[in-house]
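# Analysis of the macromolecular model
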Amino acid sequence: MNNTIPNQTVIPSVRNLKHLDLALKSPSPFILLSEAHIGNLQLLTKRCHAVNKKVLVHLDLIGGLSKDQIGLKMLRDLYKIDGVISPNANLLKRIKDLGLISIQRLFLLDSRSLESGLKAMEERHLDALELLPGPFSLYVIEKVRRATSLPLLAGGFISEDRMVKKLFEGGIKGITTSEKHLWKTK
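## As for the side chain of Ser-137
- Note on placement: Ser-137 falls in helix 6 (residues 134–147).
- Dropping the residues within four chain positions of it, Ser-137 is found in contact with Leu-108, Leu-131, Ala-154, Leu-167 and Ile-172.

Shown next as structure tokens:
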């Protein structure tokens, strides 16, 4: 399995560990562990890798982990994660330098946040860009497409099949969601 996100992929965002088994049955090659901490991350990653799933984590949501160079290397070497989602472009540069998948999370608060977010990622070698809130990404996708050729993900406030369909039709490549009914198990 490679690091690219296949078209029209719904990536389970596991916010409650009791839903991990369901996420592991999803067709997505990725799992986003949204509520992990240093005490359970290694075991969770092993479980995901056992069924050929790549593990993504949101760097700011990992309890007990320092975001310094040692903490980032631990993510790769000890916890064996495959990639990171973060709004912090500087941290993502360091993540990418470690050979991990780097996905920038961009919050669409207003036109200024969009412009500054796109500017911050200009010189980064990222693997993808995630736009939040997901439904709003459709309003800015053309502007984002002019600024980057990165694969686009959408997340946040995506709770219905029709929104998933609309996002994919609008050019979004992948969706991160904690809505279990959208994970579409095999």
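Still to come is the rest of the account.
## Considering the packing of helix 6 against helix 7 (residues 161–169)
- Put simply, helix 6 and helix 7 touch, their axes get as near as 10 Å, and they point 25° apart. By the angle class used here, helix 6 and helix 7 are roughly parallel. Read as a crossing pair, helix 6 and helix 7 show a hand that is left-handed. Residues Gly-134, Pro-135, Ser-137 and Leu-138 of helix 6 form the contact with helix 7, whose own contacting residues are Met-163, Lys-166 and Leu-167.
- The class makeup of the residues in the contact of helix 6 with helix 7 is 4 nonpolar, 2 polar and 1 charged.

## Quick look at the pairing of strand 4 (residues 83–86)
- Judged by which residues are buried, strand 4 turns out to be covered on both faces: Gly-83 and Ile-85 on one side and Val-84 and Ser-86 on the other are all buried.
- In the sheet, strand 3 (residues 54–58) pairs with strand 4 via 3 bridges, with the strands oriented parallel. Bridge pairing links His-58 to Ile-85 in strand 4.
- In this view, the connection linking strand 3 to its parallel neighbour strand 4 by way of helix 3 (residues 69–77) has right-handed handedness.
- Relative to strand 5 (residues 101–107), strand 4 runs parallel, the two being bridged by 4 bridges. When the sheet's bridge partners are listed, Val-84 is paired in strand 5 with Ser-102.

Reading the values: the criteria
Chains are numbered independently. Their residues run from 1 in the order of the written sequence. Side-chain atom pairs in this predicted model are given and counted only at pLDDT of 80 or more, local residue features only at pLDDT of at least 70, and totals for whole chains, interfaces and linings cover all residues. To obtain the side-chain values, all non-hydrogen atoms of the structure were used and water was disregarded. Secondary structure elements are defined from DSSP: runs of H or I of at least 4 residues count as helices, runs of E of at least 2 residues count as strands, and each element is numbered from the N terminus. It only takes one pair of heavy atoms within 4.5 Å for two residues to be counted as in contact. Axis angles are defined between N-to-C directions and span 0 to 180 degrees, where every axis is a line fitted to C-alpha atoms and, for a helix, only to the segment in contact. Roughly parallel here means an angle under 35 degrees, roughly antiparallel means over 145, roughly perpendicular means 65 to 115, and every remaining angle is called oblique. With the far helix as reference, a near helix turned anticlockwise by less than a right angle produces a left-handed crossing, and one turned clockwise produces a right-handed crossing. Charged means Asp, Glu, Lys or Arg here, nonpolar means Ala, Val, Leu, Ile, Met, Phe, Trp, Tyr, Cys or Pro, and polar covers whatever is left, Gly included. A simple rule labels every residue: compare its accessible area, found with a 1.4 Å probe on the protein chains alone, to the largest value its type can have, and call it buried under 20%, exposed over 50%, or partly exposed in between. When DSSP finds two or more bridges between two strands, those strands count as paired. Classification remark: right-handed applies to a crossover when, strands pointing away from the viewer, the course from the first strand over the helix to the second runs clockwise.

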